[in-house]
Amino acid sequence: MPATFPGQPFFHYAHEQLHVEDCALNTLAEQFGTPLFVYSKAAMLSALAAYQRGFAGRKAQICYAMKANSTLAVLQVFARAGCGFDIVSGGELARVIAAGGDVTKVIFSGVGKTRAEMRLALETGIGCFNVESESEIDVLNEVATAMGLRAPISIRVNPNVDPKTHPYISTGLKGNKFGIAHERTLAVYQHAAALPGLKVVGIDCHIGSQITEVNPYLDAMDRMLDLVETIESHGIAIEHIDFGGGLGIDYQGDTPPQADALWAQLLAKLDARGFGQRKLMIEPGRSLVGNAGVCVTEVLYLKPGEQKNFCIVDAAMNDLPRPAMYQAFHAIVPLDTSAPSAPTALYDVVGPVCESGDWIGRDRSLQVAPGDKVAVMSAGAYCMSMASNYNARGRAAEVLVEGTKASLVRAREAVSDLFASESLVG
Ligand SMILES: *Cc1c(COP(=O)(O)O)cnc(C)c1O
């Protein structure tokens, strides 16, 4: 077992025990139970710092795409570090407010904003609506006009570049539901600029997720800058350019560029094209939190079979949906390597949920016995925020670690919470 994890430098083995910062995960699992999500605050701030270094001396706003992990204490870390937030629902806006975030630094993305969500966001005074369709433009204009307000907008453009990632997380291709077609952009800006309830402030794109190459970003940037030139030549000023999120992380030897290195290349292009002083926005999600978290789970049963051995753990697809949704890979490692309790065997690591799709890892070589605990690595993004109550399973607890200090930031969901809003028919 390697003593360190290249993608997760804030997790390491010391005295044969897996630690997050200065806390042993086994101790946390005993204290708080399993399944348990554990996050490193230093890992989040270090991921953010790479972007901050990249943008040093620029006019730039980092808006954490909170759908990656919208736990209040996680939002609080980023709010205190000066981040804005990219939201996709009224519920996420309420979370930003509850976490003490600055609503003027909130941008509202998403293809299906309701009128009620638009009103809430306008009342709150968010920074910008990232509008995703021509019909949404008209509805937002109507809602804002009725309130006697002008909604600040940016139009999400679909630059039609291939981010070279999993089809379910690619968003900037023609066949995707997101954004306005590149060819329609000027006409849509002209329409929006003429409406009394809207104020054009920016342009944005977001081409996909878990992107590990620089080229898709460079291509999208060229297309965006071409559009800005065209739109501005028609007398419509674009104050900010938002390049979305999408930067990948190392799950399994993936080698995405570091955020500062990526931005050094992108800023060179912006400078070369004369946009270096423009206000920039970005919406990173996964790259800020994905490798800041793990999910600790206990081995319940080993079930040897003729074709497969199963290692059944107490976390499941309702806690860790990415393998079932995108065949995603999470490394799975033991918490304690001091005295392996069993010989090495190859297992499919699965949860208790009654679905064949409920698997967490396939063909993993592990030395485990019932009662042992393992960590599902790289579980900070798109795990807890996608967790469900399927099979009437309460959602896991969450702990935020800072050095030697571990704070329970979400209590384990009790069964009574699960049906508190339901009623029997009288
Ligand atoms: C999901 C999303 C992001 C964040 O994507 P990551 O891959 O997590 O960085 C940013 N912007 C928009 C509009 C999104 O939908």
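Model, not experiment: these values are computed from the prediction.

### With respect to the site of the ligand
In the vicinity of the ligand lie 14 residues, with Lys67, Ser209, Glu283, Arg286 and Tyr382 positioned nearest. In the model, a nitrogen atom of the ligand is placed 3.5 Å from a nitrogen or oxygen of the His206 side chain. Between the ligand and Arg286, the relevant distance is 2.7 Å, taken from an oxygen atom to a main-chain nitrogen or oxygen of the residue. When the ligand sits alone it has 390 Å² of accessible area, and the protein chains cover 94% of it. Along the lines of polarity and charge, the residues of the shell around the ligand split into 3 nonpolar, 6 polar and 5 charged.

### Points about the pairing of strand β17 (residues 345-350)
Two strands pair when backbone bridges link them, and strand β15 (residues 310-313) and β17 are joined in this way by 3 bridges, in the parallel orientation. Directly across from Ile312, in β17, lies its bridge partner Val350. With 5 bridges joining them, β17 and strand β18 (residues 359-366) adopt antiparallel strand pairing. Bridge pairing in β18 places Tyr347 opposite Arg364.

### What about the layout of surface pockets?
Roughly 480 Å³ of internal volume is contained in the second largest pocket. Every residue lining the second largest pocket is counted, 27 residues in all, and those nearest its centre are Gly7, Ala47, Ile249, Gln258 and Ser287. Every element with two or more residues in the lining of the second largest pocket is listed here: α2 (41-54) and α10 (286-289). Top contributing element to the lining of the second largest pocket by residue count: α2, with 6 residues. Per-class residue counts for the lining of the second largest pocket are 15 nonpolar, 9 polar and 3 charged.

### Re the nonpolar core
Here is a general trend for soluble globular proteins: nonpolar side chains tend to be buried in one another's company. Tyr64, Phe78, Phe85, Phe129, Ile153, Ile203 and Trp263 are the most contacted members of the largest nonpolar core, which has 103 residues in total. The greatest single-element share of this core, amounting to 9 residues, is contributed by helix α8 (residues 215-233). By size, the runner-up hydrophobic cluster in this structure holds 21 residues, among which are Tyr13, Val20, Leu28 and Val296.

### As for the pairing of β15
The pairing of strand β14 (residues 293-303) with β15 spans 4 bridges and is classified as antiparallel. Of the residues in β15, the one forming a bridge with Val299 is Val313. Remark: 6 residues form the turn of the hairpin made by β14 and β15, two consecutive strands paired antiparallel.

### Considerations on the sheet that holds strand β3 (residues 23-24)
In a beta sheet, neighbouring strands pair by backbone hydrogen bonds and run either parallel or antiparallel. Taken in spatial order, the 3 strands make up an open sheet running β1-β2-β3, and their pairing is antiparallel. Each edge of the open sheet is held by one strand with a lone partner, namely β1 (11-14) and β3.

### Considering α8
Between its terminal C-alpha atoms α8 stretches 27 Å, which fits the 27 Å expected from 19 residues at 1.5 Å a residue. Along α8, the residues that are buried comprise Pro216, Tyr217, Leu218, Ala220, Met221, Met224, Leu225, Leu227, Val228 and Ile231. Those residues of α8 that are buried lie in contact with β9 (151-158), α7 (185-193), β11 (198-204), β12 (240-242) and α9 (259-272). Gly235 occupies a position one or two residues after α8 and carries a positive phi of about 85°.

What counts as what
Residues numbered from 1 in each chain as written. Predicted model: local features only at pLDDT ≥ 70, side-chain atom pairs only at ≥ 80, totals over all residues. Heavy atoms only, no water. Near = heavy atom within 4 Å. Polar contact = N/O pair within 3.5 Å; in protein donor to acceptor, adjacent residues only side chain to side chain. Areas by Shrake-Rupley, 256 points an atom, 1.4 Å probe, with all protein chains shown as cover. Nonpolar A, V, L, I, M, F, W, Y, C, P; charged D, E, K, R; others polar. Pairing = 2+ DSSP bridges. Helix = DSSP H or I, 4+ residues; strand = E, 2+ residues; numbered from the N terminus. 1 Å grid on protein atoms, 1.4 Å probe; cavity = no way out; pocket = protein on both sides within 12 Å on 5 of 7 lines; lining within 4 Å. Points joined across faces, edges and corners; volume = space filled by probe spheres on them. Core = buried A, V, L, I, M, F, W, Y, C linked by side-chain atoms within 4.5 Å. Buried < 20%, exposed > 50% of the residue type's maximum accessible area, 1.4 Å probe, protein only. Expected span 1.5 Å × (residues − 1). Contact = heavy atoms within 4.5 Å.

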